[in-house]
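# Working through the structure, step by step
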Amino acid sequence: MIQFEAVEKTYVSGKQQVHALNGIDLTVETGEIYGVIGFSGAGKSSLIRTVNLLERPSKGRVLIHGEDISTLSARKIRDTRKDIGMIFQHFNLLNSKTVHHNIAMPLLLAKTPKAEVDRKVAELLEFVGLADQAKKYPDQLSGGQKQRIGIARALATNPSILLCDEATSALDPQTTQSILDLLRRINQEYNITILLITHEMGVIREICDKVAVLEEGRVIEQGSVFEVFTNPKHSTTKRFVRSVMNDELPDSLLEQIRHNDGARPIYRVQFTGNSVGQPFMSRVSREFQLDLNVLFGNITELQGIPYGNLIVEFDGAPTEIDRALASIRNDNIQVEEVQQHAG
Ligand SMILES: Nc1ncnc2c1ncn2[C@@H]1O[C@H](COP(=O)(O)OP(=O)(O)OP(=O)(O)O)[C@@H](O)[C@H]1O
């Protein structure tokens with residue numbers, strides 16, 4: 001478990017002060033994959049680097065499994081660091097050393113016997129799918145392969161926590177996917193808690209259980225990925241969600257809504273989980289004698305739960321439309337009128 005308690009970080013250079021973190025409270029539970037997203041300069045790197053003391057908080061505390069690491073002895077800090085692996089956007093491999101040596105590095109530093117080092121490196125190479133690349137040098141590998149080496153090196157000391165600093169930002173979409181699959185396996189098979197920072201909402205959607213949105217060194221929104229994606233509250237969160245959820249109304253449709261005289265109101269209908277399987281449209285149409293015209297829609301999946309989003313024009317008697325809306329809401333389906341937002 002990682003706990004940030006009122007964490008602040010101020011950088012001082014000359015007379016200038018930069019307040020990178022302004023009081024962060026966050027808890028990453030054991031076994032979770034927790035994503036922190038934010039635009040450039042939001043404070044993501046500063047935050048993740050306080051976990052392994054690459055940066056010390058200016059105020060507040062970071063607790064690892066309940067212990068404030070900044071108060072530990074030098075020896076205990078070394079032990080705690082072994083328990084926290086880290087991978088980086090640009091991999092941070094030693095180009096003059098072989099793949100084997102790069103992965104072995106943390107074990108060699110810990111004076112692990114050679115036979116044990118060789119056994120562990122072979123196991124890790126197998127796990128990351130690069131068993132035949134041990135003698136190569138990083139320059140001979142693709143970006144995705146380099147990140148696999150970075151991951152293998154991070155796992156060498158059997159950590160319980162893995163920090164991922166923009167681990168897929170330098171990779172193409174297909175390679176990103178394969179690295180995210182590998183991170184998920186690490187989380188599931190080794191029960192390693194993962195804290196990742198990214199500026200890509202697709203990464204959060206793909207593997208995270210929880211997400212926090214960072215802006216100007218503050219957490220502006222946090223929650224389960226499902227909650228935050230289906231009901232984002234802050235405008236920055238809405239921007240991030242829109243970047244992957246494709247629920248923007250097309251221009252032609254906005255034009256149609258703008259010219260709607262209000263006789264046929266238009267609603268956004270959002271439904272999740274069990275509601276997805278319900279034939280609520282035909283039921284409502286029959287029961288309240290309405291014509292329902294679907295103008296736009298998509299159904300997607302978040303954390304294995306289906307999530308639907310429809311834009312529907314309701315045509316019928318106003319009193320029946322009101323009754324229909326009440327009936328839909330009764331089924332735990334969210335409905336909101338889009339007319340006023342569209343213009
Ligand atoms: N060593 C440093 N000295 C001075 N200012 C710094 C230092 N590191 C970061 N900053 C500043 O702190 C703020 C937060 O930076 P940080 O790198 O944590 O944000 P970020 O969200 O990770 O951004 P990016 O995605 O661009 O890396 C920025 O204004 C940055 O310029």
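Residues numbered from 1 in each chain as written. Predicted model: local features only at pLDDT ≥ 70, side-chain atom pairs only at ≥ 80, totals over all residues.

Turning our attention to the packing of helix H3 (residues 99–109) against helix H4 (residues 114–127). Helix packing geometry: the angle between the two helix axes and the distance between the axes. Interaxial distance between H3 and H4 falls to 10 Å at its minimum, and their mutual angle equals 130 degrees. If you check the angle between H3 and H4, you find them oblique. In the crossing of H3 with H4, the sense of the turn from one axis to the other is right-handed. Contacts from His-100, Ile-103, Ala-104, Leu-107 and Leu-108 in H3 reach Val-117, Lys-120, Val-121, Leu-124 and Leu-125 in H4. In terms of residue class, the contact of H3 with H4 is made up of 8 nonpolar, 1 polar and 1 charged. (Axes fitted to C-alpha atoms, helices over the stretch in contact; angles between N-to-C directions. Helix = DSSP H or I, 4+ residues; strand = E, 2+ residues; numbered from the N terminus. Parallel < 35°, antiparallel > 145°, perpendicular 65-115°, else oblique. Left-handed = near helix turned anticlockwise from the far one by under 90°. Contact = placed C-beta atoms within 7 Å. Nonpolar A, V, L, I, M, F, W, Y, C, P; charged D, E, K, R; others polar.)

This brings us to the packing of helix H5 (residues 143–155) against helix H6 (residues 173–190). Look at H5 against H6: their axes get within 10 Å of each other, and the N-to-C directions meet at 20 degrees. Classified by the angle between their axes, H5 and H6 sit roughly parallel to one another. Taken as a pair, H5 and H6 cross one another with a handedness that is right-handed. Only Thr-175, Ser-178, Ile-179 and Leu-182 of H6 make contact with H5, whose side of the interface consists of Gly-143, Gly-144, Gln-147, Arg-148 and Ile-151. Across the contact of H5 with H6, the residue classes tally to 3 nonpolar, 5 polar and 1 charged.

Ordered in space as S6-S7-S8-S3-S9-S10, the 6 strands form an open sheet in which the pairing is mixed. Every interior strand has two partners, whereas the edge strands, strand S6 (84–88) and strand S10 (218–224), have only one. In this sheet, neighbouring strand axes are inclined to one another by 15 degrees on average, regardless of whether the strands run parallel or antiparallel. The pairing of strand S7 (residues 161–165) with strand S8 (residues 193–198) spans 5 bridges and is classified as parallel. In the strand pairing of S8, Leu-162 is matched with Ile-194. Where H5 meets the sheet, its contacts fall on S6 and S7, and the angle it forms with S6 comes to roughly 165 degrees. Lying over the sheet, helix H9 (residues 235–245) contacts strand S3 (33–37), strand S9 (210–215) and S10, oriented at roughly 125 degrees with respect to S9. (Pairing = 2+ DSSP bridges.)

A separate point is the nonpolar core. The biggest cluster of nonpolar side chains holds 67 residues, and the ones touching the most others in it are Ile-103, Ala-152, Leu-163, Ile-194 and Leu-195. The element that contributes the greatest number of residues to this core is H5, accounting for 5 residues. The contact partners of Ile-103, leaving out residues within four places of it in the chain, are Val-121, Leu-124, Leu-125, Ile-149, Ala-152, Arg-153 and Ala-156. Among the nonpolar cores identified, the runner-up in size contains 17 residues, and Ile-257, Val-269, Phe-271 and Ile-333 belong to it. (Core = buried A, V, L, I, M, F, W, Y, C linked by C-beta atoms within 7 Å. Buried ≥ 20, exposed ≤ 12 C-beta atoms within 10 Å, placed from the backbone.)

For the rest of this paragraph, the subject is the environment of Glu-166. For Glu-166, the location among the structural elements is in the loop between S7 and H6. Residues Glu-166 and His-199, 33 residues apart in the sequence, show an inter-C-alpha distance of 7.6 Å. Those residues in contact with Glu-166, other than ones at most four positions away along the chain, are Gln-89, Ile-197 and Thr-198.

Turning next to unusual backbone geometry. Of note, the phi angle at His-65 is positive, near 45 degrees, even though the residue is not glycine. On the secondary structure map, His-65 appears in the loop between strand S4 (59–64) and strand S5 (67–68). Take His-65: there are 14 C-beta atoms within 10 Å of it, and that puts it in the partly exposed class. Phi angles above zero are rare outside glycine, and Lys-111 is one such case at about 55 degrees. Relative to the elements of secondary structure, Lys-111 occurs in the loop between H3 and H4. Given 7 C-beta atoms within 10 Å, Lys-111 falls into the exposed group.

Per the UniProt record, "domain: ABC transporter" (unreviewed entry) is annotated on residues 2–241. Helix makes up 38% of residues 2–241 and strand 28%, and the two end C-alpha atoms of the span are 26 Å apart. (UniProt positions renumbered as here; feature names shortened; annotations may be inferred.)

Let us now look at the site of the ligand. Lining the immediate environment of the ligand, one finds 13 residues, of which Tyr-11, Ala-20, Ser-40, Ser-45 and Ser-46 sit closest. Mapped onto the shell around the ligand, the elements with two or more residues apiece are strand S1 (2–13), strand S2 (16–28) and helix H1 (44–49). Here the element with the most residues in the shell around the ligand is H1; it accounts for 3 residues. Among the residues making up the shell around the ligand, the classes are represented as 4 nonpolar, 8 polar and 1 charged. (Near = placed C-beta within 6 Å.)

A word on the sheet that holds strand S14 (residues 334–337). Judged by pairing direction, the sheet is antiparallel, and its 4 strands sit side by side in the order S12-S13-S11-S14 without closing on themselves. Two strands bound the open sheet, and with one partner strand each, they are strand S12 (291–302) and S14. Here the strands of the sheet are splayed against their neighbours by 20 degrees on average, with no regard to which way each runs. Against the sheet, helix H12 (residues 318–330) engages strand S11 (266–272), strand S13 (305–315) and S14, with an angle of about 145 degrees to S14.

Attention now moves to H9. Every buried residue of H9 is listed here: Thr-237, Phe-240 and Val-241. Take H9 and look down its axis: the buried residues cluster within an arc of 95 degrees, on one side only. Where H9 is buried, its residues meet S3, helix H7 (201–207), S9, S10 and helix H8 (225–230). (Arc of directions from axis to C-beta.)

Moving on: the pairing of S13. As judged from the 7 bridges shared by S11 and S13, these two strands associate in the antiparallel manner. Among the inter-strand pairings, Arg-268 is bridged to a residue of S13, identified as Ile-311. Sheet topology note: the S12/S13 ladder contains 11 bridges and is antiparallel. What sits directly across from Thr-300, in S13, is Tyr-307. The turn linking S12 back onto S13 is made up of 2 residues, and Gln-303 within it adopts a positive phi angle of 50 degrees.

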